[in-house]
Amino acid sequence: MRIATALIVSLFMSTAAFAADATCDATAKDKKLHGAALNSFMTKCEKDAKAKCTAEATAKKLHGAAATSFTKKCVKDASGA
């Protein structure tokens, strides 16, 4: 019973942490960025997301097509595209 409770609590905590990270697109809209400022922000945000997603793929010990697929989806989710 304790293991199931711990699993459920950790699932909610990870979901809440993920929800706390706004997508690049949503953050840009909140900041009301346009033109060159928007392009610069999106480029940096997507670059940071790719680095974070690549690190997650490495931590999950993914290789080859699995790592590429995971990273591509992760960056897409993070950028809000």
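Our structure's up above, just so we're on the same page.
Anyway, here's the lowdown on the structure attached to this text. (Residues numbered from 1 in each chain as written. Predicted model: local features only at pLDDT ≥ 70, side-chain atom pairs only at ≥ 80, totals over all residues. Heavy atoms only, no water.)

Structural notes on the state of the cysteines
To keep it simple, the criterion reads: Cysteine sulfur pairs qualify as disulfides if the two atoms are within 2.5 Å. For helices the rule is a DSSP run of H or I covering at least 4 residues; for strands it is a run of E covering at least 2, with both sets numbered from the N terminus onward. In this scheme, a residue with accessible area under 20% of its type's maximum is buried, one over 50% is exposed, and one in between is partly exposed, where area comes from a 1.4 Å probe on protein chains only.
Taken as a whole, this structure holds two disulfides when the rule is applied. Between the sulfur atoms of C24 and its disulfide mate C45 the distance is 1.9 Å. The sign of the S-S torsion, about -85°, decides the handedness of the disulfide formed by C24 and C45: left-handed. Here C24 is found in helix 2 (residues 24–30), whereas its partner C45 is found in helix 3 (residues 35–59), with 21 residues between them in sequence. On the basis of relative accessibility, which here comes to 18%, the residue C45 falls in the buried class. Note that C53 is cross-linked by a disulfide to C74, the S-S spacing being 2.0 Å. For the disulfide bridge between C53 and C74, the dihedral angle about the S-S bond is near -70°, and by the sign convention the bridge is left-handed. Taken as a pair, C53 in helix 3 and C74 in helix 4 (residues 64–79) lie far apart in primary sequence, 21 residues in all. Note on C53: relative accessible area 1%, which makes it buried.

A look at the packing of helix 3 against helix 4
The condition that has to hold: Here an axis means a line fitted to C-alpha atoms, over the contact stretch when the element is a helix, while the angle between two N-to-C directions is reported on a 0 to 180 degree scale. Working rule for angles: under 35 degrees goes down as roughly parallel, over 145 as roughly antiparallel, 65 to 115 as roughly perpendicular, anything else as oblique. Crossings are classed by handedness, with left-handed meaning an anticlockwise turn of the near helix from the far one by less than a right angle and right-handed meaning a clockwise turn. Pairs of residues are marked as contacts when any of their non-hydrogen atoms sit within 4.5 Å. Residues are grouped as follows: Ala, Val, Leu, Ile, Met, Phe, Trp, Tyr, Cys and Pro are nonpolar; Asp, Glu, Lys and Arg are charged; all remaining types, including Gly, are polar.
One can describe the packing of helix 3 onto helix 4 by two numbers: an axis separation of 9 Å at closest approach and a directional angle of 140°. In terms of orientation, helix 3 and helix 4 fall into the oblique class. In the crossing of helix 3 with helix 4, the sense of the turn from one axis to the other is right-handed. For the pair helix 3 and helix 4, contact is made by M42, E46, A49, K50, C53, T54, E56 and A57 and by A67, F70, T71, C74, V75, A78 and S79, respectively. Considered class by class, the residues forming the contact of helix 3 with helix 4 number nine nonpolar, three polar and three charged.

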